[in-house]
Amino acid sequence: MRNVKESLTDQLGLPPAQGEEEHLSLALANSAITLTGGHTVDLLGTPAQANHWLTERGLAPVDAGMREMCATQLRSLREQIRSLFAARAEGLAALPAAVRAVNDAMTRVPTAPLLQWDDRTGPYRSTPHPTTAIVDHALATLATDAADLLTGPDAGRLTACGSAPCNRYLLRHGRRQWCSTRCGDRARAARAYARRTASPDAAPGDHQH
């Protein structure tokens, strides 16, 4: 299980995309990474990996005992959030099902400490947090962050990485359109190659059309 314990940087040589550290939902959206050659790395691919991902972000204890159903719920919310990010970044209408999924996740857990009554000590208030509700709380936290990001001041900076085949999202900083220097280097190399192959017989400077 060595790969479960490795961080994203260790596995792929990819640092977190701009904005991931401020927005957990952006990190969730970027937890399935498309690499060159058509390979995909899913950091939520197994219950153990999903548990590790949540633990790294303070959303679950190490021994949460994640089940496949829980990991599936997390992956499902990821796809819905990615759909909303794509719609916002491209100025398109959002899928109603994606909006519903985020709202459902946010309202699945109580937002206020509920009234409890102990037979011996009497009334008190607390937020229920049994082990079975850990994933619900994590989903609610991630969904709330996505809603905050989509409606907050950073929404206009949300963009997809401009270096194919990378599928990560980032918060644009200035004119930067790439999630990492590696993707930026690859995009620049691809543009240079395209220029060379577009007119292989042309002399330097002979690019007037």
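From a predicted model like this one, the values you see are computed outputs, not experimental measurements. (Residues numbered from 1 in each chain as written. Predicted model: local features only at pLDDT ≥ 70, side-chain atom pairs only at ≥ 80, totals over all residues. Heavy atoms only, no water.)

This part is about the overall build of the protein. Secondary structure assignment for the protein yields eight helices and six strands. Residue burial in the protein is summarised as follows: out of 209 residues, 38% are buried. Pairs at least 24 residues apart make up 52% of the contacts formed inside the protein by residues separated by at least 6 positions. Just so you have it, the protein exposes about 12200 Å², and 54% of that area is on carbon and sulfur atoms. (Helix = DSSP H or I, 4+ residues; strand = E, 2+ residues; numbered from the N terminus. Buried < 20%, exposed > 50% of the residue type's maximum accessible area, 1.4 Å probe, protein only. Contact = heavy atoms within 4.5 Å. Areas by Shrake-Rupley, 256 points an atom, 1.4 Å probe, with all protein chains shown as cover.)

Attention now moves to the packing of helix H5 (residues 68-90) against helix H6 (residues 96-106). Viewed as axis vectors pointing N to C, H5 and H6 meet at an angle of 125°, and their least axial separation amounts to 9 Å. Accordingly, the angle class assigned to the pair H5 and H6 is oblique. With respect to the hand of their crossing, H5 and H6 are arranged in left-handed fashion. Contacts between H5 and H6 involve Leu77, Gln80, Ile81, Ser83 and Leu84 on the former and, on the latter, Ala97, Ala98, Val99, Ala101, Val102 and Ala105. (Axes fitted to C-alpha atoms, helices over the stretch in contact; angles between N-to-C directions. Parallel < 35°, antiparallel > 145°, perpendicular 65-115°, else oblique. Left-handed = near helix turned anticlockwise from the far one by under 90°.)

In this section: the pairing of strand E4 (residues 122-126). The pairing of strand E3 (residues 114-118) with E4 spans five bridges and is classified as antiparallel. Pairing of Leu115 across the sheet is with Arg125, part of E4. Connecting the antiparallel pair E3 and E4 is a turn made up of three residues. (Pairing = 2+ DSSP bridges.)

Attention now goes to the packing of aromatic side chains. The tally for this structure, following the rule as stated, stands at one aromatic pair. Geometrically, the ring pair formed by Phe85 and Tyr169 is edge-to-face, given 6.0 Å between the ring centres and 70° between the ring planes. With Phe85 in helix H5 and Tyr169 in strand E6 (residues 169-171), this pair connects stretches of sequence that are 84 residues apart. (Phe/Tyr/Trp six-rings, centres within 6.5 Å; stacked < 30°, edge-to-face > 60°.)

What follows covers the pattern of salt bridges. For the structure on display, the rule yields seven salt bridges. Here Glu79 makes a salt bridge to Arg78, at a shortest N to O gap of 3.2 Å. Residue classification places Arg78 among the buried residues on the basis of a relative accessible area of 4%. (Salt bridge = Lys/Arg side-chain N within 4 Å of Asp/Glu carboxyl O.)

Within the element layout of this structure, Ser163 appears in the loop between strand E5 (158-160) and E6. Of the polar contacts made by the side chain of Ser163, one reaches the backbone oxygen of Cys183; its length is 3.0 Å. (Polar contact = N/O pair within 3.5 Å; in protein donor to acceptor, adjacent residues only side chain to side chain.)

Attention now moves to the packing of helix H4 (residues 47-56) against H5. Each pair of packed helices gets described by two things: the angle between the helix axes and the distance between those axes. Two numbers describe how H4 lies on H5: the axes approach to 8 Å, and their chain directions differ by 60°. When the axes of H4 and H5 are compared, the pair comes out oblique. For the pair H4 and H5, the sense of crossing is left-handed. Where H4 abuts H5, its residues Pro47, Ala50 and Leu54 lie against Glu68, Ala71 and Leu74. Each residue belonging to the contact of H4 with H5 can be placed in one class, and the counts come to five nonpolar, no polar and one charged. (Nonpolar A, V, L, I, M, F, W, Y, C, P; charged D, E, K, R; others polar.)

The next point concerns H6. Within the sequence span of H6, burial applies to Ala98, Val102 and Ala105. Along H6, the residues classed as buried sweep out an arc of 65° about the axis, all on the same side. More than 90 degrees from the buried face of H6, the exposed residues found are Pro96 and Arg100. As for H6, its buried residues are in contact with H5 and helix H7 (134-151). (Arc of directions from axis to C-beta.)

Now for the side chain of Ser25. Counting through the fold element by element, Ser25 comes out in helix H3 (residues 24-29). Its relative accessible area of 0% is what places Ser25 among the buried residues. Looking at Ser25, its side chain comes within polar contact range of the main-chain nitrogen of Ala146, at 3.4 Å. If sequence neighbours within four positions are ignored, Ser25 has contacts with Ile81, Phe85, Leu142, Asp145, Ala146 and Leu149.

Turning to unusual backbone geometry, a few remarks are in order. The step from Ala164 to Pro165 runs through a cis peptide bond, and the omega angle for that step is 5°. Locating Pro165 in the fold gives a position in the loop between E5 and E6.

Note that every value here comes from positions in space, so none of it alone points to a role or purpose.
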